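What the coordinates show
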Amino acid sequence: MFILSTMKKNIQINISLFIICIYFSNQALAQDLNHTRIIPITTIVQNNPASLIFTWAAIPKGTQVSIFRKSKTDLDWNYNQPLATLPGTATNFTDNGIIKGIDYEYFFRAFGVDANPYTYIYGGVEVDQVDDRGKVILIVDDSFTTSLNPEISRLEMDLIGDGWQVIRHDVSRTATVTSVKALIKNDYDADPVNVKSVFLLGHIPVPYTGRIAWDGHPDHNGAWPCDGYYADMTGTWTDNTINTTQASRVENRNVIGDGKFDQSYFPALTTLQIGRVDLAKMSSFPLSEEGLLRQYLNKDHNFRHKVFVAEPRAVIDNNFGLNGFDSSYYASCGWRSFTGMFPPSKIANGDYFTSTAASSYLWAYAAGGGNYISAQGVGSSDTFTSNSPKAVFNMLFGSYFGDWDFNNSFLRAPLASKGWGLSSCWAGRPYWLNHHTALGETIGYSTWITMRNTCYQSDGPNFNQTSINLMGDPTLRIHPVAPPTKLLAVNGALSWTATSEPNIGYCIYRKNMSNGKYSKIATTATDANTYLDLNAILGENNYMVRTLKLEVSNSGSYLNLSQGAFANSTLPLQIASYTVKLNKNRVENNWQTLNEVNVSHINVQRSTDGIHFNSIGRVNAKGAGNYSFSDTELPNYTVQLYYRLQIVDNDGAEQLSDMQAVNLKINTKGKLSIFPNPVTGKQIHIRMEHLPKGVYQVIFTNSAGVKVQDSNFSYDGTTLTKEMVINFSAGVYLMTIKSENYQETQKVIVGE
């Protein structure tokens, strides 16, 4: 493969490979062919009708361009049915067959005399927003539970603010990897639909596995770090086969029963997204491990909230010359990932540290012959200590440092620096798939899809190798949106300071207190900065407001949400409990309040249908405590009744409790009689005994359902005989007698 420029004294240098590497390094910028392995696409979004226009420069000596399309969740491309097959001279394609709001994945494959370039695009038009991202398992090194509590608590709120539910475990750095995985597996098994991601924070125990030197060096054969072990919920991992001790590092030597696993490739498709922020053993940096973690968490928070903004572009610093040491075109995975994010004019060759010192870059790729702490032509871990590169998401490649659990690891150095680095991955063997981030996916998703790879091309070694690891927060997304600020919530009335960023509105969420999940309750207009929650629950209401923006990238457009702004609102009365119970001839209403602020009184309301309520009693507020009210005027027949409490403030504001229902089965002696029937004259009598009191309506309808006569009368609930005169012709009729709490219909025959 490629070789290091300097090595630790216990690792031998292969002089011949070193000379080749230096030669390639000098030829890199002049003759880099990596960009010829991709199709540099520019994507134009059309909204009405929804379509995506893809354009590219003509393929040199091209013979054909094939375009395939699939759903993001499909595991393979249907190569037998391309979306389009174009001549090699083609330079554009328009997809008119898409639906606004739906996401699609494209594979552009060209064929030419000199090369067969290809590119992936994850595209769509106004792809729907993601309000709920599922659950993330946050595994925290308990060395920092106390000292980093403010920063970790803020991180948890940031995760919630981006649509995650957080499951947290604090573990010892000396725990076994199997015990840590057991925690993750238990959480996953409890909710396999919603558990999506694992975030390792601190020096969480490092799994090692395999026997392959992924960088091609015989002294690096053996087990490499593998966080993917924690992400696999279905595969079988063994420690009973591999015996290899030739590696220079003791950590890489792998023998039976040593706690290091046998697998060099994932035994099953990985289940979860995963990433690690581990800044242990970074002694070249001036801060302690705790200080480095605090620094990282601060810049993670600041990036999410758009305190600093990286320019949407990428720089590529390739020091492997023509095509990589073994024709693998390592840097092409940088070009290919960036093509989905940026137009060609925003992707350029350049020296990593020089470029990122002068300007900011959202993404960067840098590669060169390496050792554990440096990459030839790029720099070293020490270079990161003395510089503050403004590159947020980093793809690095070179010998040895893909094995990242090493003192002053070059792969972890971007995260430890004072610069903007938030993620880093060893990208070249295999190619990483980051194009989904262009339309709002997380970098953890990129890690997951790279580990699983079921259908993506590669010029180098196979995918699914256990050396794939993400250094960084796996929940990060590349397009932060400025959130609203100064959110206030008073009795369900919300107000906030609008963001200056162009947006299409604000999404309002309220926390479900039973499961801790924030659910969307409304979306406001662009210029709104207030909202009134008319359905606020009694007691504490937790709110979140997020800016909604139409984000446009080189893949298409999608509805993008900011981090959430949070506020709590406590309604004037908090009901600790409320029950209704039938007790002989009355219904007992009992409730308990924990606090009453500015409350005047409480009305007890009743309904027979659960929709229309009437107040049947009033209880004055007394500050807090136990209350009761007995409903003694019940209907004298079988019926279900519904009750609720209406809380009335001193200023006239009202709130309602949850509704309670009770089945009423008492005193069924009530009776309704109609006579004579058949009616022989023009008079009919109605006799009512112990029916619910109220205003009754009598309605006669003919066989066609047409009302022919009606009248009203009052009834006091005792015994009543009422005479009525019939003013319609002979025939068969339906006579309905009803009130608010009673209804009965009987057939009446009227004679000549």
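Everything that follows concerns the structure shown earlier in this document.
Moving on, we come to the overall build of the protein chain. In terms of helices and strands, the protein chain carries 10 helices and 45 strands. In terms of overall dimensions, the protein chain is more spread out than a globule: its C-alpha atoms have a radius of gyration of 36 Å, far above the 27 Å expected for 752 residues. Sorting the 752 residues of the protein chain into buried and exposed places 57% on the buried side. Surface summary for the protein chain: the accessible area is close to 29800 Å², and the carbon and sulfur share equals 49%. For the protein chain, the centre of its 60 positive side-chain charges and the centre of its 64 negative side-chain charges are spaced 3 Å apart.

The next subject is the sheet that holds strand β27 (residues 530-532). Across the sheet, three strands lie side by side as β23-β24-β27; this open sheet has antiparallel pairing. At either margin of the open sheet sits one strand with a lone partner, and together these are β23 (485-490) and β27. Strand-to-strand, the axes of this sheet are offset by a mean angle of 10 degrees, without reference to chain direction. Two elements, β23 and strand β24 (residues 493-497), share four bridges in a ladder whose sense is antiparallel. What sits directly across from L488, in β24, is S495.

What follows covers helix α5 (residues 289-304). Between its first and last C-alpha, α5 extends 23 Å over 16 residues, near the 22 Å set by a 1.5 Å rise per residue. For α5, the tally of buried residues reaches 12 of 16 residues, placing the bulk of the element in the interior. Every buried residue of α5 is accounted for by E289, G291, L292, L293, Q295, Y296, L297, K299, D300, H301, F303 and R304. Residue K306 follows α5 closely and has a positive phi angle near 60 degrees.

For the rest of this paragraph, the subject is the packing of helix α2 (residues 149-161) against α5. Between α2 and α5, the least distance of the axes is 10 Å, while the angle of their chain directions is 30 degrees. As far as their axial angle goes, α5 and α2 are roughly parallel. Crossing of α2 over α5 shows left-handed handedness. Contacts between α2 and α5 involve E151, I152, R154, L155, D158 and L159 from the former and R294, L297, N298, D300, H301 and R304 from the latter. Looking at side-chain class alone, the contact of α2 with α5 contains four nonpolar, two polar and six charged residues.

Backbone torsion omega between N48 and P49 reads -5 degrees, so that peptide bond is classified as cis. The step from R429 to P430 runs through a cis peptide bond, and the omega angle for that step is 0 degrees. Note that P430 resides in the loop between β21 (423-426) and α10 (443-452). You will see that K486, though not glycine, has its phi angle at about 55 degrees, which is positive. Its location among the elements puts K486 in strand β23.

Turning to α10, a few remarks are in order. Along α10, 10 of the 10 residues are buried, which leaves the element largely enclosed by surrounding structure. The set of residues buried in α10 consists of I443, G444, Y445, S446, T447, W448, I449, T450, M451 and R452. Structurally, α10 contributes buried residues whose contacts are with α4 (228-231), β13 (273-277), β16 (361-367), β20 (391-397), β21 and β22 (470-472).

Turning our eyes to something else, we now look at the packing of aromatic side chains. The geometry of an aromatic ring pair comes down to the distance between the two centres and the angle between the two planes. Under the counting rule described, the total for this entry stands at 47 aromatic pairs. Relative to W426, the ring of W224 has its centre 5.5 Å away and its plane inclined at 55 degrees; by these criteria the two rings are tilted. Here W426 lies in strand β21 and W224 lies in strand β12 (residues 224-225), a separation of 202 residues in the sequence. Take W224: its relative accessible area is 1%, and that puts it in the buried class. Residue classification places W426 among the buried positions, given a relative accessible area of 2%. Look at Y352 and F353: their rings are 4.9 Å apart centre to centre, the planes differ by 80 degrees, and that puts the pair in the edge-to-face class. On the basis of relative accessibility, which here comes to 1%, the residue Y352 falls in the buried class. Judged by its relative accessible area of 8%, F353 is buried.

Counted according to the given criterion, the structure contains five cavities of 30 Å³ or more. D162, F303, R304, L476, R477, H479, P480, V481, L561, S562 and Q563 together form the lining of the largest cavity. Tallied by class, the residues present in the lining of the largest cavity amount to five nonpolar, three polar and three charged. Looking at the second largest cavity, its volume works out to about 70 Å³. Among the elements of the structure, β7 (118-127) and α6 (332-339) are those that each provide at least two residues to the lining of the second largest cavity. Per element, the largest residue contribution to the lining of the second largest cavity is three residues, and it comes from α6. Residues belonging to the lining of the second largest cavity are distributed by class as follows: six nonpolar, four polar and one charged.

Rules and cut-offs
Residues numbered from 1 in each chain as written. Predicted model: local features only at pLDDT ≥ 70, side-chain atom pairs only at ≥ 80, totals over all residues. Heavy atoms only, no water. Helix = DSSP H or I, 4+ residues; strand = E, 2+ residues; numbered from the N terminus. Rg over C-alpha atoms; globule rule 2.2 N^0.38 Å. Buried < 20%, exposed > 50% of the residue type's maximum accessible area, 1.4 Å probe, protein only. Areas by Shrake-Rupley, 256 points an atom, 1.4 Å probe, with all protein chains shown as cover. Lys, Arg positive; Asp, Glu negative; His and termini not counted. Charge placed at Lys NZ, Arg CZ, Asp CG, Glu CD. Pairing = 2+ DSSP bridges. Axes fitted to C-alpha atoms, helices over the stretch in contact; angles between N-to-C directions. Expected span 1.5 Å × (residues − 1). Parallel < 35°, antiparallel > 145°, perpendicular 65-115°, else oblique. Left-handed = near helix turned anticlockwise from the far one by under 90°. Contact = heavy atoms within 4.5 Å. Nonpolar A, V, L, I, M, F, W, Y, C, P; charged D, E, K, R; others polar. Phe/Tyr/Trp six-rings, centres within 6.5 Å; stacked < 30°, edge-to-face > 60°. 1 Å grid on protein atoms, 1.4 Å probe; cavity = no way out; pocket = protein on both sides within 12 Å on 5 of 7 lines; lining within 4 Å. Points joined across faces, edges and corners; volume = space filled by probe spheres on them.

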